[in-house]
Amino acid sequence: MNKTKKILLIIATVFLFLGIAYDIFYIVNYFQTVSIDRPAVFYLIFEFISLFFMIAVAAMMIYVLWGNGKYFRERYRYFVTSLIISICINLFSVSTILMIVSIYFNDSVVFYQTKDKSKDKNVVDITDESQMTEKEKKIQELRKMKDEGKITEEKFQEEIMKLL
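Residues numbered from 1 in each chain as written. Predicted model: local features only at pLDDT ≥ 70, side-chain atom pairs only at ≥ 80, totals over all residues. Heavy atoms only, no water.

Trainee: Got a minute to help me understand the side chain of S93 in this structure?
Mentor: Tracing the chain through its elements places S93 in the loop between α3 (76-89) and α4 (94-102). Within the structure, the side chain of S93 is placed 3.4 Å from the backbone oxygen of N90, a separation counted as a polar contact. One polar contact links S93 to S95, side chain to side chain, over a distance of 3.3 Å. (Helix = DSSP H or I, 4+ residues; strand = E, 2+ residues; numbered from the N terminus. Polar contact = N/O pair within 3.5 Å; in protein donor to acceptor, adjacent residues only side chain to side chain.)

Trainee: Before we go on, may I ask you to explain the environment of T152 in this structure?
Mentor: By secondary structure assignment, the location of T152 is in the loop between α5 (134-148) and α6 (153-163). Within the local environment of T152, its side chain forms a polar contact with the backbone nitrogen of K155, the two atoms lying 3.2 Å apart.

Trainee: Teacher, can you tell me more about unusual backbone geometry here?
Mentor: Leaving glycine out, the prevailing phi sign among residues is negative, and the prevailing peptide bond configuration is trans. Unusually for a residue other than glycine, N68 sits at a positive phi of about 60°. If you trace the backbone, N68 turns up in the loop between α2 (41-65) and α3. For N68, a relative accessible area of 54% corresponds to the exposed category. (Buried < 20%, exposed > 50% of the residue type's maximum accessible area, 1.4 Å probe, protein only.)

Trainee: In this structure, what is going on with the packing of helix α1 (residues 3-32) against α2? I would like to understand it.
Mentor: Helix-helix packing is characterised by the crossing angle of the two axes and by the distance between the axes. Two elements in contact, α1 and α2, have axes whose closest approach is 9 Å; the angle formed by their N-to-C orientations is 155°. Considered as vectors, α1 and α2 are oriented roughly antiparallel to each other. Considering how the two elements wind past one another, α1 and α2 form a crossing that is left-handed. When the residues that make up the contact of α1 with α2 are grouped by side-chain class, the tally is 22 nonpolar, three polar and three charged. (Axes fitted to C-alpha atoms, helices over the stretch in contact; angles between N-to-C directions. Parallel < 35°, antiparallel > 145°, perpendicular 65-115°, else oblique. Left-handed = near helix turned anticlockwise from the far one by under 90°. Nonpolar A, V, L, I, M, F, W, Y, C, P; charged D, E, K, R; others polar.)

Here it is in structure tokens:
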């Protein structure tokens, strides 16, 4: 996951927790006020519903960000669900706005091509090795071995099929 996107989502989650704290404060404050000065019960019911959904959105956001955002693509449906719920509850909250802004940032691993001057071939590298899975590392090792001539094309294809 892109660092900017991750930071935006972390900040959005922090603001979600601040919203949860405010809802709890409002509910407690409702019961502490004199019954004559209390707003209608409808507002209390709405705050309970809002609190429930904000806790659900915060839990989904934590699940999406768990593992340093490594599994964001696999858990993208939870992000979209939390975004839709957040929009329905409060479109103009800071957390909702940050979640909407984060959609416009790329979340994939960046690939780039470099020229291998010794063999004049294009070699594909991954910019961030810490986010590579074991299969990706093994595939990269197999490509390197094939390019160096240590294994044949048939052996390379066979090993790739075993990994996939």
